[in-house]
Amino acid sequence: VDEFRISIENLKQNLHLKELYLVGNPATDWEGSREYVIAKLPQISKLDGKEIIKSDRIRAAQGHELRCKQLEELEKQKKKGNCVA
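A quick note: this is a predicted structure, and the numbers were derived from the prediction, not measured.

Engineer: Just checking my understanding: could you explain the packing of aromatic side chains for this structure?
Structural biologist: Describing an aromatic ring pair means giving the distance of the ring centres and the angle of the ring planes. A full pass over the atoms with the stated rule returns three aromatic pairs. Grouping aromatic residues by their ring pairs yields a cluster made of Phe4, Trp30 and Tyr36.

Engineer: Where do I start with the pattern of salt bridges in this structure?
Structural biologist: When the charged atoms of two side chains lie near each other, side chains of opposite charge can form a pair. Scanning the model with the defined rule gives five salt bridges in all. Ionic pairing is found between Glu9 and Lys40, a salt bridge with its closest N-O pair at 3.0 Å. Of this pair, Glu9 sits in helix α1 (residues 4-11) while Lys40 is found in helix α2 (residues 33-40), placing the two residues 31 residues apart along the sequence. You can call Lys40 buried: its relative accessible area is 16%. Salt-bridge contacts for Asp56 lead to Arg59; the nearest nitrogen and oxygen are separated by 3.0 Å. With Asp56 and Arg59 both in helix α3 (residues 54-62) and three residues apart, the pair spans about one turn of that helix. Look at Asp56 and you get buried, because its relative accessible area is 9%. The exposure class assigned to Arg59 is partly exposed, which follows from its relative accessible area of 43%. Put simply, Glu9, Lys12 and Lys40 are held in one network by salt bridges that share partners.

So, how was this worked out
- Residues numbered from 1 in each chain as written.
- Predicted model: local features only at pLDDT ≥ 70, side-chain atom pairs only at ≥ 80, totals over all residues.
- Heavy atoms only, no water.
- Phe/Tyr/Trp six-rings, centres within 6.5 Å; stacked < 30°, edge-to-face > 60°.
- Salt bridge = Lys/Arg side-chain N within 4 Å of Asp/Glu carboxyl O.
- Helix = DSSP H or I, 4+ residues; strand = E, 2+ residues; numbered from the N terminus.
- Buried < 20%, exposed > 50% of the residue type's maximum accessible area, 1.4 Å probe, protein only.

Structure (structure tokens):
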């Protein structure tokens, strides 16, 4: 989880990125990971082989601020050694 945010931020610069597979990435154990990625990477059209539809983007945008806070909290817990994810 601690490098997930940084990795996704780095992918924002890849404007030609259309598909992204995160299957097997431990960060996907976090419930908000799919929506977080969809909100952060508007250029992708498929995530883990599943097409991103308009309602996915709306849902991702609506909860994005909350997911950012959740991710920050998970990162803090990880640094303190209180989180397994």
